[in-house]
Amino acid sequence: MNKTIKLLLIIGLMSLTQALPAGEARWYNTEQVKQGNLLFQQNCAVCHGANAELVKNWKQKGIDGKYPPPPLNGSAHTWHHPLDQLKKTIRQGGVQIGGLMPPFSALLNEAEMDAVIAYFQSKWPDQTYAKWADRFEVAATDPGQPDITQLLKLRLGINELATPVETEVKGVYQTRFGNKFAYLIENGRYVFIGDMVDLQNGRNLTELSRREVVNQELSVVPASSLAVFPALASEKTILNVFTDTSCPYCRKLHEEIGFLQEAGITVRYFPYPRGGSKGPGYQTLKQVWCADDKAEAMSIAKGTKVGDLPDTSDCAEASFVDEGFEMGKRLGITGTPSLFTEDGGRIVGYMPYKELIPKLLNNL
Ligand code: HEC
């Protein structure tokens, strides 16, 4: 890093630390301290004491000629070591260097080691912590406090944002509003909205998150709430379709649904009345959802089958049409048909079955 930038960063961090109430600007969060406490009591307390306070005269060798465990609560010299080295001691123990501490590499993973360190550092007085953080340029990265989404909420004029989670990139936090992902940096002073791609392996990290959201939405819906056209051969994959009975391209897709079923694709229809409750398909979709056999009623409504729809659009099942509409809005659907592959990928609009089938099957 360029020296001036580094210096500016440090000054920035120092002013940040000063602006916060005592004890809040630490690298770990309260969850880590809680988890670390449990692990510390199980693994470390026998020697270092429940509050990391033992042994008081740690400078004095025992009768075996070895040093006793030092207190880790900030009163000894633990704060002279950077995070990496503290972790190394926990991983390797002290036996190799003639000490007594056993290695923990087989018992604790990296996150658990972070947590035990967070626990004993939570015992450090602010002054000790500040000296340590200063010396090793440790930034406060706790996203919980202060709320790093505050400025973004203000600019967007909304109250709710997904809890920010740190991405693979240190110091960059992902949050979400609707179906858009935003990345907060510098404790939420700056934001960028767009896709984050790992160029080393070509993974679009934002797309993966987007698919996760789709899967979370769609997986909780039972098949009985949907109009399902099952694969005729053994099922190879599933296609979720948000549809409206009145949309021409939805009808076109429906005319070809037999080809999809024959190819081993199960099609699951979610209702999505394009125009909301005033749209042309709203009442018809409700009638379809009132039918005993939703799939058959869907075919009747889309004109590929002859028959009658139920007279009523006012039944308990019909409320799912409104739910489908809300669900679609949350997923950012703007038109019908909207297609989602089994792994949550999105295909916008109609696609002829000759293109659609290989696309779905090659995806597997
Ligand atoms: C069997 C007793 C024992 C256990 C259990 C133990 N330690 Fe230690 N620890 C020691 C001793 C003794 C030392 C001093 C170095 C040596 O002799 O190995 C030490 C040193 C350390 C140090 C270095 C302190 C410094 O200031 O340099 C850290 C950090 C530490 N222990 C953390 C832990 C953690 C975290 C755990 C639990 C996961 C743990 N220890 C479990 C005995 C123990």
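Residues numbered from 1 in each chain as written. Predicted model: local features only at pLDDT ≥ 70, side-chain atom pairs only at ≥ 80, totals over all residues. Heavy atoms only, no water.

Chemist: Help me understand the layout of surface pockets, please; the structure alone is not making it clear to me.
Modeler: Think of a ball as big as a water molecule: rolled over the atoms, this probe shows where empty space is left. In this structure, the second largest pocket encloses a volume near 980 Å³. If you go around the second largest pocket, you meet 34 residues; those closest to its centre are H48, P70, T89, G94 and M101. Among the elements of the structure, helix 2 (30-43), helix 3 (45-48), helix 4 (83-92) and helix 5 (110-121) are those that each provide at least two residues to the lining of the second largest pocket. Looking at the lining of the second largest pocket, the element that brings in the most residues is helix 4, giving six residues. Of the residues in the lining of the second largest pocket, the class split is 19 nonpolar, 13 polar and two charged. (1 Å grid on protein atoms, 1.4 Å probe; cavity = no way out; pocket = protein on both sides within 12 Å on 5 of 7 lines; lining within 4 Å. Points joined across faces, edges and corners; volume = space filled by probe spheres on them. Helix = DSSP H or I, 4+ residues; strand = E, 2+ residues; numbered from the N terminus. Nonpolar A, V, L, I, M, F, W, Y, C, P; charged D, E, K, R; others polar.)

Chemist: I tried to follow the site of the ligand on my own but got confused; where do I start?
Modeler: Within the structure, the ligand sits among 23 residues, and C44, C47, H48, L100 and M101 are positioned closest to it. For the ligand, a nitrogen atom lies 2.8 Å from a polar atom in the side chain of H48. Take T78: an N or O atom from its side chain is 3.0 Å from an oxygen atom of the ligand. Judged by the proximity of its atoms to the pocket grid, the ligand belongs to the second largest pocket. Taken together, the elements giving at least two residues each to the shell around the ligand come down to helix 3 and helix 4. By residue number, the principal contributor to the shell around the ligand is helix 4, which donates three residues. Looking at the shell around the ligand residue by residue, the classes come out as 15 nonpolar, eight polar and no charged. (Near = heavy atom within 4 Å. Polar contact = N/O pair within 3.5 Å; in protein donor to acceptor, adjacent residues only side chain to side chain. Sits in = over half its atoms within 2 Å of the grid points.)

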